[in-house]
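Listed below are the residues making up each chain.
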Amino acid sequence: AQSVTQPDIHITVSEGASLELRCNYSYGATPYLFWYVQSPGQGLQLLLKYFSGDTLVQGIKGFEAEFKRSQSSFNLRKPSVHWSDAAEYFCAVGETGGYNKLIFGAGTRLAVHP
Amino acid sequence: DAGVTQSPTHLIKTRGQHVTLRCSPISGHKSVSWYQQVLGQGPQFIFQYYEKEERGRGNFPDRFSARQFPNYSSELNVNALLLGDSALYLCASSVGQINEKLFFGSGTQLSVL
């Protein structure tokens, strides 16, 4: 069965520091991969997605992610974190089968220190 | 354009009651999906509807049901509420049926006492 693991439940970084959030997936075929962000009391906003092609994907708000098939990973990165990036981040894999089902990881909560 | 809208934003029910949650997709979107997000966990897929037909169902009991109307809005119904049904219920819409970018609403926070 498909699954997504986000090993870090909580991460704290200083404003201006670089960020990497880890995501590992289990999926039999070429996966469709997503990163979403959720601010308190809000729904999820798509940061970026990988369907095929270039393994380095650029997203909104200065985020990027790299798909590494050999490591079954899709880590999210940002070179310089802003205080407004504090939120919860979810990695997800899209399950094929004729419908639009996303399997989410448990999330990583990001805190940003001034 | 308006985003995905959900109502109500908050709801308190007691065990055994039933609840109806509503979702209006983005104009032009024909697919609506429902997810349950329990505190501290990632969202879990409940249903997807496309063109008014159920296209996918997650691992939820039959107490959970949904439907999509001709204007593509949707309702999620939960019968015989349990304490464990307390969660944030998220609705997402997309243009097509598969491999589409999902746009999420802000959710309905359901508390079951």
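Refer to the preceding data block for the structure.
None of the values given here were measured: they were computed from a predicted structure.

## With respect to the interface of chain A and chain B
Listed by partner, the interface residues are 18 residues for chain A and 24 residues for chain B. Across the chain A to chain B interface the summed buried area is about 1,700 Å²; carbon plus sulfur atoms make up 55%. The largest share of the area that chain A buries against chain B comes from Leu-44, Tyr-99 and Asn-100 of chain A, three residues that together contribute 35% of it. On the surface where chain A and chain B come into contact, there are zero salt bridges. There are two residue pairs in polar contact (both at pLDDT 80 or more) connecting chain A and chain B. Among the elements of the structure, β5 (32–38), β6 (44–50) and β11 (101–104) of chain A are those that each provide at least two residues to the side of chain A that touches chain B. Residues of the side of chain A that touches chain B, tallied by class, amount to ten nonpolar, seven polar and one charged.

## What to know about the pairing of strand β5 (residues 44–50) of chain B
Looking down a regular strand, the side chains alternate between one sheet face and the other. Residues and elements named next belong to chain B. Burial analysis of β5 places six of its seven residues in the buried class, which makes it a mostly covered element. As defined by bridge partners, strand β4 (residues 31–37) adjoins β5 across six bridges and the pair is classed as antiparallel. Of the residues in β5, the one forming a bridge with Gln-36 is Gln-44. Between β4 and β5, which pair antiparallel and follow one another directly, the connecting turn spans six residues, one of which, Gly-40, has a positive phi of 85 degrees. The pairing of β5 with strand β6 (residues 53–57) spans four bridges and is classified as antiparallel. Following the sheet pairing, Tyr-50 is matched in β6 by Glu-53. What sits between the antiparallel neighbours β5 and β6 is a turn of two residues, in which Glu-51 has the positive phi angle 50 degrees.

Conventions adopted
Counting starts from 1 at the beginning of each chain's written sequence and moves along it residue by residue. To label them, take the chains in the order written and letter them from A, then take the ligands in the order written and number them from 1. Two thresholds apply to this predicted model, a pLDDT of at least 70 for residue-level local features and 80 or more for giving and counting side-chain atom pairs, whereas whole-chain, interface and lining totals are computed over all residues. The basis for every side-chain value is the complete set of heavy atoms in the structure, and neither hydrogens nor water enter the calculation. Contacts: residue pairs with any heavy atoms within 4.5 Å of one another. Throughout, buried area stands for the accessible area (probe radius 1.4 Å) lost by two parts on being put together, summed over both. The salt bridge definition used is simple: a Lys or Arg side-chain nitrogen within 4 Å of an Asp or Glu carboxyl oxygen. Any pair of N or O atoms that falls within 3.5 Å is considered a polar contact. Within protein, one atom must be able to donate a hydrogen and the other to accept it, and sequence-neighbouring residues count only if both atoms are side-chain atoms. Labels follow the DSSP assignment, with helices taken as runs of H or I lasting at least four residues and strands as runs of E lasting at least two, numbered in each case from the N terminus. Three classes are used, and their members are as follows: Ala, Val, Leu, Ile, Met, Phe, Trp, Tyr, Cys and Pro are nonpolar, Asp, Glu, Lys and Arg are charged, and the others, Gly among them, are polar. Type-normalised accessible area, obtained with a 1.4 Å probe on protein chains alone, sets the label of each residue: buried when under 20%, exposed when over 50%, and partly exposed for intermediate values. Strands pair, by our definition, only if DSSP identifies at least two bridges between them.

Nothing here speaks to function; it is all geometry.
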